[in-house]
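Now for the letters of each chain:
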Amino acid sequence: MTRITLVEYDPCWPSLFDELASAIATLLSPYIREIHHVGSTAVPGLAAKPKIDIDAVVTDLNALHELNARLLNAGYAFHGDPYASGLWTFTSQTRPCGTRLYLCEDGNAAHAARLLFRDHLRGQPEHARRYETLKKRLAKEAEGNWDIYTHGKRAFIDEVLAASETKKAPPFPAGPLY
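Rules of the game
Residues numbered from 1 in each chain as written. Predicted model: local features only at pLDDT ≥ 70, side-chain atom pairs only at ≥ 80, totals over all residues. Heavy atoms only, no water. Core = buried A, V, L, I, M, F, W, Y, C linked by side-chain atoms within 4.5 Å. Buried < 20%, exposed > 50% of the residue type's maximum accessible area, 1.4 Å probe, protein only. Helix = DSSP H or I, 4+ residues; strand = E, 2+ residues; numbered from the N terminus. Contact = heavy atoms within 4.5 Å. Pairing = 2+ DSSP bridges. Axes fitted to C-alpha atoms, helices over the stretch in contact; angles between N-to-C directions. Expected span 1.5 Å × (residues − 1). Polar contact = N/O pair within 3.5 Å; in protein donor to acceptor, adjacent residues only side chain to side chain.

### Thoughts on the nonpolar core
Buried together is how nonpolar side chains tend to be arranged in soluble globular proteins.
Inference 1: Core analysis: the largest hydrophobic core is formed by 23 residues, its most contacted members being Leu28, Ile52, Ile54, Leu67, Leu71, Leu101 and Leu103.
Inference 2: Where this core is concerned, the elements lending two or more residues are helix H1 (13-28), strand S2 (51-58), helix H2 (64-73) and strand S5 (98-105).
Inference 3: Leu101 has contacts with Ile24, Ile54, Ala56, Leu71, Tyr76, Trp88, Thr89 and Phe90, leaving out every residue within four places of it along the chain.
Inference 4: Leu46, Leu116, Leu121 and Leu134 belong to the second largest nonpolar core, which has 18 residues in total.

Here you go:
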């Protein structure tokens, strides 16, 4: 099993996202409506896996075959919709961080939940610290078992989503949540 590595927050992550978002917008034009920095690298001060997570809302999922071809030609690997949540997943081993790109349609519940969770952590530093402590403990205890790490975060994520004032997403969306 692959070791789960968390690194301290890197203040370069927002600018890396900006560069990646610009390249993705150009590559996938005219099918991109909006691009969002999600995941722990999108929360200032939060330790994270060294991967920039990006959600891109597409205007037409019927263009997925063409978008897939463009991304493959640009060096991305396609992973399908592994959680059956409408998040089409692509990865790239860019430097200095890897990239995980999710394509989805407008109104996707998993995407909305990810934005809600990110925004909550940005606005509640004490919750971000609790989340970081949980992630570090789980990374150590999981000993490379990604299921243990991922599922171990679920109760905290569900608690945050259920308590959020803005109900943009259902409390238990499908899909990866950091």
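Still to come is the rest of the account.
### A few points about the sheet that holds strand S3 (residues 77-78)
Inference 1: Reading across from one edge, S1-S2-S5-S4-S3 is the order of the five strands in this open sheet, with mixed pairing throughout. Each of the sheet's edge strands pairs with one partner strand only, and the pair in question is strand S1 (32-38) and S3.
Inference 2: Lying on the sheet, H2 is in contact with S2, S3, strand S4 (88-92) and S5; it crosses S5 at an angle near 170°.
Inference 3: Contacting S1, S2 and S5, helix H3 (residues 109-123) runs over the sheet at an angle of about 45° to S1.

### What to know about H3
Inference 1: Under the 1.5 Å per step criterion, the end-to-end length of H3 is 21 Å for 15 residues, consistent within 8% with the ideal 21 Å.
Inference 2: The element H3 is extensively covered by neighbouring structure, given that eleven of its 15 residues are classed as buried.
Inference 3: The complete set of buried residues in H3 reads Ala110, His111, Ala112, Ala113, Arg114, Leu115, Leu116, Phe117, Arg118, His120 and Leu121.
Inference 4: Sitting at the head of H3, Asn108 places a side-chain oxygen 2.9 Å from the backbone nitrogen of Ala110.

### Some details on unusual backbone geometry
Inference 1: Put simply, Ser29 and Pro30 share a cis peptide bond, and its omega is 5°.
Inference 2: Within the element layout of this structure, Pro30 appears in the loop between H1 and S1.
Inference 3: The phi angle at Ala84 is positive, at roughly 50°, despite the residue not being glycine.
Inference 4: With respect to the helices, strands and loops of the structure, Ala84 is situated in the loop between S3 and S4.

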